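Each chain, written out:
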Protein chains: 2
Amino acid sequence: MSDRELVVGVAGATGAVGREMLRILEEREFPASQVRALASSRSAGTKLPFKDGEIVVEEMTEDSFQDIQLALFSAGGSSSREFAPIAAKEGCVVVDNSSAWRMDPEVPLVVPEVNSEALYSHNNIIANPNCSTIQMVAALKPLHDKGTITRVVVSTYQAVSGSGQKAVDELQNQVRSLFNMQDVECNVYPYQIAFNCLPQIGDFTENDYSEEEMKMVNETRKIMDESIKVSATTIRVPVFYGHSEAVNVETKEKISASDARVILSEAPGIQVLDNPREKIYPLAIQATGEDDIYVGRIREDTSIENGLDMWVVADNIRKGAALNTVQIAEEILDKGLLSK
Amino acid sequence: MSDRELVVGVAGATGAVGREMLRILEEREFPASQVRALASSRSAGTKLPFKDGEIVVEEMTEDSFQDIQLALFSAGGSSSREFAPIAAKEGCVVVDNSSAWRMDPEVPLVVPEVNSEALYSHNNIIANPNCSTIQMVAALKPLHDKGTITRVVVSTYQAVSGSGQKAVDELQNQVRSLFNMQDVECNVYPYQIAFNCLPQIGDFTENDYSEEEMKMVNETRKIMDESIKVSATTIRVPVFYGHSEAVNVETKEKISASDARVILSEAPGIQVLDNPREKIYPLAIQATGEDDIYVGRIREDTSIENGLDMWVVADNIRKGAALNTVQIAEEILDKGLLSK
């Protein structure tokens, strides 16, 4: 198949992640002959900038995927559940950014730096992991390969952009209201997020962990190794862009902090920023707009024999969503894994 | 000794914590016949509101403590190192809020709900623990008594007020600048704290943990049990008041989440706010101005045999500093432990 023939669809193109997908396809010169933008009927007709021109958004219907070989979905869970199987049946390979298919045993869940080999077994649907999982497993995998991780305790500091543009606006509006001595309005979040930390991301499951926390537990195991035990606390913080994570790792074999620094600095997609005495460590505001995952504050945990602590930061909209989806699509092309 | 005779000094009275100490002494009707405010020569003459009148700040000198039986210090480490021994030699009992004396083996380090018995061995200097330690150990102690804690992994979400009024102003000014498209000024913190998370509190120690992290490790062991292993990651977040903490606990004997809720709800100084499905959990903005330590998101950690996760929130200026200091002073009176 030559470049000329490849038609790529972006489903949910008008959302924050969908728009970022278009920007990243353009930036990375993704070898598509045509990029089509799909969305709900409400957004049909919207014009989105792409390369030197514009793409007119089409309504996503059952017939949309006949001429599309590869579709990047970021249209929400219910839309994915409806349209991904239709696209798949048409021979279109779907890379889905929602949580709808992630834990389906038939669906590979992929971070290209970690488990791109899982793509070989795809049945036309591939899932993109949750943002907070992606950056963590990318930092864990090289350590797992070296010393076999047995347990992870992670606490997250997640940006509001993970809840979409409305949440970005809500934080902004709340700050303005507070600075003008006005009452704060809460629509996206149940409580004020401005100058506060919310210990809830998603609904709660039966074991009193939140859905976001269980995503980190289950997705990490599916992507890396079913034997890894994970305990997660996921917290929303008043940051616009960039998720930060405090990750405590226990390994079978000892990995020194200096070894971990070397291993991680050689790992794909990772940048080690770790010289705390010179005030060099990862920051959410510096990770914004960047492709890499930043790791720092690497130190040996003195509370157990073989433990490491580290601080992992990434742009949750790019590597946490749009970029990882496009990288999966690139792997599909590289490996010749299209279906039509 | 009758109430009439008790002269109490507040050293560092013009700082954020010193002012809060005066308010709390007044609120709790602390049985002092006289409260004197001490500070550096720069602040001498300042008038501070107290009860129906005012207190004029006196310069703290070597002679200040002759007529004071009980002094609450929040004047910074170097001032504590200089004046606490002078006061102690005069027979004045010092309750010190700085880090200067905390790890001195001769100095009790006290959270009244946890280890007030340590006060009996005082030599006129008693240390108030670090804010992030106080709220954690108060929540850990009842669990330790029940099931013997072996290891704690904690990540903190600390408010800027822990760095003083200048840091509160800095966050406010940075937000204003950003909303007006102006450059951000960083004086208190090395990087922008507005809409960001800073993985540094205090300087760094030889093992690459920060001073704040090692305070949580060492103070927890001194206050509760030397055999408890602690790993801490302390993070500054853009919150004005109220420290939050994600605490993962491992115990020798199993404690169920429901048992933990009962144990903690019966513990002094603790309020359990834990019904996540009804969106009931502790929040920094709700803890502000309150005396209690709030615990919620209590759940059994499935990654180990005997593990619990919880979310612990308290007002870092009150329970984390001024209130705990006054509570220690109350215990000294109750137990008859003044020296003159």
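Residues numbered from 1 in each chain as written. Chains lettered and ligands numbered in written order. Predicted model: local features only at pLDDT ≥ 70, side-chain atom pairs only at ≥ 80, totals over all residues. Heavy atoms only, no water.

A. Highlighting the relation of the copies chain A and chain B. Structural alignment of chain A on chain B gives an RMSD of 0.0 Å, achieved by rotating through 180 degrees and translating 0.0 Å along the axis. Accordingly, the operation relating the two chain copies is best matched by a two-fold axis. (Least-squares fit on C-alpha atoms with pLDDT ≥ 70 in both.)

B. Examining empty space enclosed by the protein more closely. Following the criterion strictly, the structure yields two cavities of 30 Å³ or more and no others. Space inside the largest cavity adds up to approximately 100 Å³. Around the largest cavity sit 18 residues that line it, and Val153 and Ser155 of chain A together with Val153, Val154 and Ser155 of chain B are the ones nearest its centre. Contributions of two or more residues to the lining of the largest cavity are made by β9 (149-158) and β11 (243-251) of chain A together with β9 (149-158), β10 (229-236) and β11 (243-251) of chain B. In terms of residue class, the lining of the largest cavity is made up of nine nonpolar, seven polar and two charged. A volume near 30 Å³ is recorded for the second largest cavity. Lining of the second largest cavity is provided by Leu25, Phe30, Ala32, Val35, Phe50 and Lys51 of chain B. (1 Å grid on protein atoms, 1.4 Å probe; cavity = no way out; pocket = protein on both sides within 12 Å on 5 of 7 lines; lining within 4 Å. Points joined across faces, edges and corners; volume = space filled by probe spheres on them. Helix = DSSP H or I, 4+ residues; strand = E, 2+ residues; numbered from the N terminus. Nonpolar A, V, L, I, M, F, W, Y, C, P; charged D, E, K, R; others polar.)

C. Focus on the pattern of salt bridges. By the definition in use, this model includes 42 salt bridges over all chains. In this structure, the salt-bridge partner of Arg151 of chain A is Asp301 of chain B, at a minimum N-O distance of 2.7 Å. Here Asp301 of chain B lies in the loop between β13 (293-300) and β14 (307-314) and Arg151 of chain A lies in strand β9, a pairing that spans two chains. Relative accessible area serves as the criterion here: at 2%, Asp301 of chain B is assigned to the buried category. (Salt bridge = Lys/Arg side-chain N within 4 Å of Asp/Glu carboxyl O. Buried < 20%, exposed > 50% of the residue type's maximum accessible area, 1.4 Å probe, protein only.)

D. Seen up close, the sheet that holds strand β8 (residues 125-127) of chain A. Residues and elements named next belong to chain A. Strand order across the open sheet formed by six strands is β5-β2-β1-β6-β7-β8, with parallel pairing between neighbours. With partners counted over all chains shown, the strands left at the sheet margins are β5 (58-59) and β8, one partner each. Relative to strand β2 (residues 34-39), strand β1 (residues 7-11) is paired through five bridges, and the arrangement is parallel. Within β2, the position partnered with Ala11 by the bridge is Leu38. (Pairing = 2+ DSSP bridges.)

E. Layout of the layout of surface pockets. Taken as a whole, the largest pocket spans an internal volume of roughly 1400 Å³. Taken together, 49 residues line the largest pocket, and the ones lying closest to its centre are Ser74, Gly76, Gly162, Ser163 and Gly164 of chain B. Put simply, the parts of the chain that give the lining of the largest pocket at least two residues each are α1 (16-27), α2 (77-89), α5 (165-179), α6 (211-223) and α9 (318-334) of chain B. With four residues, α2 of chain B is the largest single contributor of residues to the lining of the largest pocket. If you add up the space inside the second largest pocket, you get close to 1200 Å³. At the level of elements, α1 (16-27), α2 (77-89), α6 (211-223) and α9 (318-334) of chain A are the ones that each hand at least two residues to the lining of the second largest pocket.

F. Up close: the environment of Val154 of chain A. Residue and element names in this part refer to chain A. Summarising the element assignment, Val154 is placed in strand β9. Residue Val154 is classed as buried on the basis of its relative accessible area of 1%. Sequence separation of Val154 and Glu213 is 59 residues, and the distance between their C-alpha atoms is 9.3 Å. Apart from residues lying up to four places away in sequence, Val154 is in contact with Met136, Met216, Val230, Ser231, Ala232, Thr233, Glu245, Ala246 and Val247. (Contact = heavy atoms within 4.5 Å.)

G. Summary view of the sheet that holds β13 of chain B. All names here are of chain B. The strand order β10-β9-β11-β14-β13-β12 describes an open sheet built from six strands, whose pairing is mixed. Each edge of the sheet is formed by a strand with only one pairing partner; in this case those strands are β10 and β12 (270-272). Across the sheet, the mean angle separating the axes of adjacent strands is 20 degrees when strand polarity is ignored. Relative to β10, β9 runs parallel, the two being bridged by eight bridges. Of the residues in β10, the one forming a bridge with Gln158 is Arg236. (Axes fitted to C-alpha atoms, helices over the stretch in contact; angles between N-to-C directions.)

H. Geometry of unusual backbone geometry. A positive phi angle is found at Met181 of chain A, which is not glycine, with a value near 60 degrees. The class for Met181 of chain A is exposed, based on a relative accessible area of 78%. If you check the backbone angles, Thr148 of chain B has positive phi at about 60 degrees while not being a glycine. Locating Thr148 of chain B in the fold gives a position in the loop between α4 (131-147) and β9.

I. Just the interface of chain A and chain B, in detail. Counting from both sides, the interface comprises 61 residues of chain A and, opposite them, 61 residues of chain B. At the boundary of chain A with chain B, total buried surface from both sides reaches about 5400 Å², with 56% on carbon and sulfur atoms. Inspection of the chain A/chain B interface yields 12 salt bridges. Close ionic contact of Arg297 of chain A with Glu213 of chain B constitutes a salt bridge, the shortest N to O distance being 2.7 Å. Summed over the shared surface of chain A and chain B, the number is 43 residue pairs in polar contact (both at pLDDT 80 or more). Mapped onto the side of chain A that touches chain B, the elements with two or more residues apiece are β9, α5 (165-179), β10 (229-236), β11, α8 (284-287), β13 (293-300) and β14 (307-314) of chain A. At six residues, β10 of chain A tops the list of elements feeding residues into the side of chain A that touches chain B. Of the residues that constitute the side of chain A that touches chain B, the class distribution is 30 nonpolar, 16 polar and 15 charged. (Buried area = accessible area lost by both parts, 1.4 Å probe. Polar contact = N/O pair within 3.5 Å; in protein donor to acceptor, adjacent residues only side chain to side chain.)

J. Summary view of the packing of aromatic side chains. A full pass over the atoms with the stated rule returns 13 aromatic pairs over all chains. Judged by centre distance (6.4 Å) and plane angle (50 degrees), the ring pair of Phe204 of chain A and Tyr281 of chain B falls under tilted. With one member in each of two chains, Phe204 of chain A in the loop between α5 and α6 and Tyr281 of chain B in the loop between β12 and α8 (284-287) form a pair that bridges those chains. Using a relative accessible area of 12% as the deciding quantity, one classes Phe204 of chain A as buried. (Phe/Tyr/Trp six-rings, centres within 6.5 Å; stacked < 30°, edge-to-face > 60°.)

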